[in-house]
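Observations on chain architecture
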Amino acid sequence: MQNNLKIENVLILGKMINASILLLIFAPLLFTEIIGDFMLVLKIFALISIITFILNHVGNTPIAGLLIIGVSWFVLFDYWNFFGGIYLFYVLLTLGISGMLVDLFFISGMVGDRNASSAEDNSPVSSSLDLAQRSSRLEAARKMHSIHARPRGMMRR
Amino acid sequence: MNQKGLHLMVMIFLALLVLLILPPLVMSMFKPADLLMRIILTILIFATVRNMLGSNALTIIITAALVYILVIKHAYITTSLYIFFFVLLAYNFVAAVMWGLTRVPR
């Protein structure tokens, strides 16, 4: 009975090793296929953007057709390594990745800085919105200070 | 960047990774969610292409190609990216996650 269990365990272990070896061999192929597919999708979206841009600016004329073919060839085939990166960057910016990066670097840079004077300043900046509110509060305090300082000078004259 | 900042950055990356993995996990566990997400993605792709090219034959061809690649072939990756970029990032939920992680006592 125990021998049977041991043999079964060894067989399961062998299957797992086989599966992991197969996964190691085929994983790069899987990833290259996924990357290739998403590159094609990016090219299709770039083509749609080019068509929309030219039709909006030139109108539905024969020149627009020629321009679409020329620009598409230039962007999608000749210099895709250059324009692909730029287009991906543009898409990510459009989707709002820059706000996330600002939040990320503000937060990670300011956490742990406990040497500020007031209790409010002791708390770390949690987001770009928080930073904007702090700046506006500081600006309001400066304005209030200038308003209170001015009449005193006027009265002395 | 100090040690706490680095630790927080790692925590944020882990939280974003969980947010990326969650939609495919839900889709694989609940088949109705899978179907619903595929329908939503198809409508979104068709609406996006029609908005850019107008209603013509080219729209149908491009939509078909995109639906095959994004919805049929790589549905889990597309859903994950859609949820992350169009829902969480667009409505600033990612900023709320980051703010929440700074408030977690360590």
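To start, this report covers the structure provided alongside it. (Residues numbered from 1 in each chain as written. Chains lettered and ligands numbered in written order. Predicted model: local features only at pLDDT ≥ 70, side-chain atom pairs only at ≥ 80, totals over all residues. Heavy atoms only, no water.)

1. Notes on the overall build of chain B
Our working rule: Helix numbering and strand numbering both begin at the N terminus, where a helix is a DSSP run of H or I of at least 4 residues and a strand a DSSP run of E of at least 2. Only protein chains enter the area calculation, which uses a 1.4 Å probe; residues under 20% of their type maximum are buried, those over 50% are exposed, and those in between are partly exposed. Contacts are residue-level and defined by heavy atoms, with any inter-residue pair within 4.5 Å sufficient. Residue-level accessible areas treat just the shown protein chains as cover; the underlying method is Shrake-Rupley with a 1.4 Å probe.
Secondary structure assignment for chain B yields five helices and zero strands. Reading chain B from its N end, one meets helices and strands in the order α-α-α-α-α. Put simply, chain B has 106 residues, and 38% of those count as buried. When contacts within chain B are restricted to residue pairs at least 6 apart in sequence, long-range pairs at least 24 apart make up 67% of them. Total accessible area on chain B stands at roughly 6300 Å², and carbon and sulfur atoms take up 76% of it.

2. Focus: the pattern of salt bridges
Once their charged atoms are close, side chains differing in charge can pair, the charge on each being opposite to the other. Residues and elements named next belong to chain B. Which entries qualify depends on this criterion: The term salt bridge refers to a pairing of a side-chain nitrogen on Lys or Arg with a carboxyl oxygen on Asp or Glu at a separation within 4 Å.
Summed over all chains, the structure comprises three salt bridges over all chains. Residue Asp 34 is joined to Arg 38 by a salt bridge in which the shortest nitrogen-to-oxygen separation is 2.8 Å. Taken together, the residues Asp 34 and Arg 38, both in helix α2 (residues 31-53) and four residues apart, mark about one turn of the helix. For Asp 34, a relative accessible area of 8% corresponds to the buried category.

3. Quick word on helix α3 (residues 57-73) of chain B
Operational definition: An expected span of 1.5 Å times one less than the residue number is assigned to each helix.
In this model, α3(B) (17 residues) spans 23 Å end to end at C-alpha, consistent with the 24 Å of a helix rising 1.5 Å per residue. Among the residues of α3(B), B:Thr59, B:Ile62, B:Thr63, B:Leu66, B:Val67, B:Ile69, B:Leu70 and B:Val71 are the ones counted as buried.

4. Overview of unusual backbone geometry
Not every positive phi belongs to a glycine, and B:Asn92 is a case in point at roughly 65°. B:Asn92 sits in the exposed class, given a relative accessible area of 53%.

5. Comments concerning the interface of chain A and chain B
Note the threshold: Here the quantity called buried area is the total loss of accessible area, with a 1.4 Å probe, experienced by two parts when brought into contact, counted for both. Within 3.5 Å is the distance limit for a polar contact, defined as a pair of N or O atoms, with the added protein rule that one can donate a hydrogen and the other accept it, and that residues adjacent in sequence qualify only through two side-chain atoms.
Chain A puts 27 residues into the contact, and the matching count from chain B is 34 residues. With both sides pooled, the region where chain A packs onto chain B buries about 2700 Å², and carbon together with sulfur makes up 81% of that total. One can count two salt bridges joining chain A with chain B. In this structure, A:Glu33 engages B:Lys73 in a salt bridge whose closest nitrogen and oxygen atoms are separated by 3.2 Å. Our enumeration of links across chain A and chain B arrives at four residue pairs in polar contact (both at pLDDT 80 or more). Counting only elements with at least two residues in the side of chain A that touches chain B, the list comes to α1 (2-58), α3 (80-95) and α4 (97-110) of chain A. The leading source of residues in the side of chain A that touches chain B is α1(A), at twelve residues.

6. Focus on the packing of helix α1 (residues 3-29) of chain B against helix α5 (residues 93-103) of chain B
How two helices pack is summed up by the angle between their axes together with the distance between the axes. Residues and elements named next belong to chain B. Threshold: Axes here mean lines fitted to C-alpha atoms, for a helix over just the part in contact, with angles spanning 0 to 180 degrees between N-to-C directions. Working definition: roughly parallel below 35 degrees, roughly antiparallel above 145 degrees, roughly perpendicular at 65 to 115 degrees, and oblique for all remaining angles. The sense of a crossing depends on the near helix, which, turned anticlockwise from the far helix by less than a right angle, makes the crossing left-handed and, turned clockwise, makes it right-handed. Gly counts as polar in this scheme, as do all residues outside two lists: the nonpolar Ala, Val, Leu, Ile, Met, Phe, Trp, Tyr, Cys and Pro, and the charged Asp, Glu, Lys and Arg.
Their axes nearest at 10 Å, the elements α1 and α5 cross at an angle of 135°. On the basis of their axis angle, the class for α1 and α5 is oblique. Every pair of crossing elements has a handedness; the one defined by α1 and α5 is right-handed. Of the residues in α5, those touching α1 at Leu 8, Met 11, Ile 12, Ala 15, Leu 16 and Leu 19 are Val 94, Val 97, Met 98, Leu 101 and Thr 102. Of the residues contributing to the contact of α1 with α5, the split by class is ten nonpolar, one polar and no charged.

7. Side note on the packing of aromatic side chains
Selection criterion: Pairing of aromatic rings covers Phe, Tyr and Trp, the last through its six-membered ring, and needs centres within 6.5 Å; plane angles under 30 degrees mean stacked, over 60 mean edge-to-face, and all others mean tilted.
Evaluated as defined, the whole model comprises seven aromatic pairs over all chains. Clustering of aromatic rings is evident, with ring pairs tying together A:Phe74, A:Tyr79, A:Phe82 and A:Phe83.

8. A short note on the environment of A:Leu42
All names here are of chain A. Assignment of secondary structure puts Leu 42 in helix α1. Sequence separation of Leu 42 and Leu 88 is 46 residues, and the distance between their C-alpha atoms is 7.7 Å. Beyond its immediate sequence surroundings of up to four residues, Leu 42 is in contact with Trp 80, Gly 84, Tyr 87 and Leu 88.

These figures come from the coordinates and say nothing about function on their own.
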